[in-house]
Amino acid sequence: MGARVSLALEWEDREPPLAPAGLVALGPDAALLAERLARLDVSVMQHLQGTRGETLLALLGPHDWLPWSPGVIYLAPDPTTPALFLPTTKRPTLPPALVLAALTRRFPELRLPLALLPDCCFSLAEAAAL
């Protein structure tokens, strides 16, 4: 998954929200999501790809197949910058393409696509079938 980096950006609400194409759970919510995934039927799991770090678990897949779990943040690629996954209900106040360019210059070890949350950024490039 590469490094998980912290950064500070200003964010605003997104209306209407984007349709989810992934999700991320952090800290204890990641452990709870992992437990829920272990109980899912294999027919559901074949539609999902995932990657895991020390303190996070991220999934990518069609929104109809994404599981619900407390504390998850649903993600979607930005419509103007598909290599940047953002929370479905938030967006940075700066243009996403500018944010992505700055992130890739500052953190070249992070491979695309990237997930950007209000308090961190990480690579989704290692997401693989579960």
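Residues numbered from 1 in each chain as written. Predicted model: local features only at pLDDT ≥ 70, side-chain atom pairs only at ≥ 80, totals over all residues. Heavy atoms only, no water.

**Re the side chain of Asp-78**
Part 1 of the reasoning: Turning to its location among the elements, Asp-78 is positioned in strand E5 (residues 73–78).
Part 2 of the reasoning: Among the polar contacts made by the side chain of Asp-78, one reaches the side chain of Thr-80 at a distance of 2.5 Å.
Part 3 of the reasoning: Residue contacts for Asp-78: discarding those within four places in its chain leaves Arg-14, Leu-84, Leu-86 and Pro-96. (Helix = DSSP H or I, 4+ residues; strand = E, 2+ residues; numbered from the N terminus. Polar contact = N/O pair within 3.5 Å; in protein donor to acceptor, adjacent residues only side chain to side chain. Contact = heavy atoms within 4.5 Å.)

**So, the pairing of strand E6 (residues 81–87)**
Part 1 of the reasoning: The element E6 is extensively covered by neighbouring structure, given that five of its seven residues are classed as buried.
Part 2 of the reasoning: Across four bridges, E5 lies against E6 in antiparallel orientation. Across the sheet, residue Leu-75 finds its bridge partner in E6, namely Pro-87.
Part 3 of the reasoning: What sits between the antiparallel neighbours E5 and E6 is a turn of two residues.
Part 4 of the reasoning: Note: E6 against strand E8 (residues 114–117), two bridges, orientation parallel. Residue Phe-85 lies in a different strand from E8, and its bridge partner there is Ala-115. (Buried < 20%, exposed > 50% of the residue type's maximum accessible area, 1.4 Å probe, protein only. Pairing = 2+ DSSP bridges.)

**A closer look at the pattern of salt bridges**
Part 1 of the reasoning: Under the definition given, this model contains three salt bridges.
Part 2 of the reasoning: Taking the shortest distance from any N to any O, the salt bridge between Glu-12 and Arg-91 comes out at 3.1 Å. Placement of Glu-12 in strand E1 (residues 11–13) and of Arg-91 in strand E7 (residues 90–92) is noted, with a sequence separation of 79 residues between them.
Part 3 of the reasoning: In this structure, the salt-bridge partner of Asp-13 is Lys-90, at a minimum N-O distance of 2.5 Å. Of this pair, Asp-13 sits in strand E1 while Lys-90 sits in strand E7, and the two are 77 residues apart along the sequence. (Salt bridge = Lys/Arg side-chain N within 4 Å of Asp/Glu carboxyl O.)

**A short note on the sheet that holds strand E9 (residues 120–123)**
Part 1 of the reasoning: With mixed pairing, eight strands are arranged side by side in an open sheet as E9-E8-E6-E5-E2-E4-E3-E10. Single-partner strands in this sheet number two, and they are E9 and strand E10 (128–129).
Part 2 of the reasoning: Most of the contacts of helix H3 (residues 96–106) go to E6, to which it runs at about 95°, and overall it touches E5, E6, E8 and E9. (Axes fitted to C-alpha atoms, helices over the stretch in contact; angles between N-to-C directions.)

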